[in-house]
Amino acid sequence: MDQQVVFRGMRFDVVELQVQTPDGKQHKRQLVRHPGAVTIVPLVDDDRVCLLRNYRAAAGEYLWELPAGTCEPGESPLQTAQRELAEETGYQAGRLQRLCGFYTSPGIMTEWMEVFVATQLVPGTARPEAGEMLHTRILTWSEVWELVARGEIRDAKTLCALLFYERFVARR
């Protein structure tokens, strides 16, 4: 597969490549090569979860989100989840369990996101990265589902993780 880096960013690269599709034809594609990321469902207790109001420049507004972040070189997804949870919320998890994984936007990106559930949380002080505009909120599940129903949670990773958790963990 021929590929050329057309942009090198701080957290990802954009590459142009020639791919052969299953029908045997050659096509030029541009895609974002991403190191992978995590998102975390922080369970404060049986009825409450920690969400963030996070300013996103691409959306031009604050979005409701679960804590999340990009994997650093040499860092496992579990290590990334531990680091991001502490940085963004201040919580240390006594237990982090993998929930699922998914491609965030496979039409244009290689990003694979792992979702973890954090329990046995111990509060601490958040240490967001420079430029992050985060506001932590503890919400009941009823409040979360009201936000979902009203279309106020519009972040795909957050919707995916919350709905997967509700369907395959909470209902057990």
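Everything below is about the structure shown above.
None of these values were measured; they are calculated from a predicted model. (Residues numbered from 1 in each chain as written. Predicted model: local features only at pLDDT ≥ 70, side-chain atom pairs only at ≥ 80, totals over all residues. Heavy atoms only, no water.)

### Focus on the pairing of strand β9 (residues 112-122)
Pairing between strand β4 (residues 37-45) and β9: six bridges, direction parallel. The residue bridging T39 from the neighbouring strand is V115, located in β9. Here ten bridges tie strand β8 (residues 92-103) to β9, and the two strands are oriented antiparallel to one another. Bridged to L96 within β9 is A118. (Pairing = 2+ DSSP bridges. Helix = DSSP H or I, 4+ residues; strand = E, 2+ residues; numbered from the N terminus.)

### Some points on the pairing of strand β2 (residues 13-20)
Strand direction decides the pairing type here: strand β1 (residues 3-8) and β2, joined by five bridges, are antiparallel. Paired with Q3 across the two strands is L17, which belongs to β2. In textbook terms, the turn of a hairpin is the stretch between consecutive antiparallel strands, and for β1 and β2 this stretch comprises four residues. Bridge analysis of β2 against strand β3 (residues 26-33) gives eight bridges, and the strand direction is antiparallel. Its bridge partner being in β3, V19 is matched across the sheet by H27. Taken together, β2 and the strand that follows it, β3, pair antiparallel across an intervening segment of five residues, in which G24 is found at a positive phi of about 90°.

### A closer look at the side chain of E111
With respect to the helices, strands and loops of the structure, E111 is situated in the loop between β8 and β9. For E111, the side chain forms a polar contact with the side chain of T104, separated by 2.7 Å. Once you skip the residues sitting within four places of it in the chain, E111 turns out to touch H34, G36, A37, F102, Y103 and T104. (Polar contact = N/O pair within 3.5 Å; in protein donor to acceptor, adjacent residues only side chain to side chain. Contact = heavy atoms within 4.5 Å.)

### Observations regarding the sheet that holds β3
Two orientations exist for strands paired in a sheet by backbone hydrogen bonds: parallel and antiparallel. Read across the open sheet, the three strands follow the order β1-β2-β3; overall the sheet is antiparallel. Looking at which strands have only one partner, the edges of the open sheet turn out to be β1 and β3. The mean inter-strand angle of the sheet, taken between neighbouring strand axes irrespective of direction, is 25°. (Axes fitted to C-alpha atoms, helices over the stretch in contact; angles between N-to-C directions.)

### Structural notes on a nonpolar patch on the surface
Among the surface-exposed residues, V6, F7 and F12 lie close enough to one another that they form a single nonpolar patch of about 250 Å² accessible area. Looking at the element boundaries, V6 is found in strand β1. (Patch = residues over 30% accessible without salt bridge, like charges linked within 9 Å, V, L, I, M, F, W, Y side chains within 5 Å. Areas by Shrake-Rupley, 256 points an atom, 1.4 Å probe, with all protein chains shown as cover. Salt bridge = Lys/Arg side-chain N within 4 Å of Asp/Glu carboxyl O.)

### Structural notes on the packing of helix α2 (residues 141-149) against helix α3 (residues 156-170)
Two elements in contact, α2 and α3, have axes whose closest approach is 12 Å; the angle formed by their N-to-C orientations is 130°. On the basis of the axis angle, α2 is oblique to α3. Considering how the two elements wind past one another, α2 and α3 form a crossing that is left-handed. Contacts from W141, V144, W145 and V148 of α2 reach α3 at L159, L162, L163, Y165 and E166. The residue makeup of the contact of α2 with α3, split by class, is eight nonpolar, no polar and one charged. (Parallel < 35°, antiparallel > 145°, perpendicular 65-115°, else oblique. Left-handed = near helix turned anticlockwise from the far one by under 90°. Nonpolar A, V, L, I, M, F, W, Y, C, P; charged D, E, K, R; others polar.)

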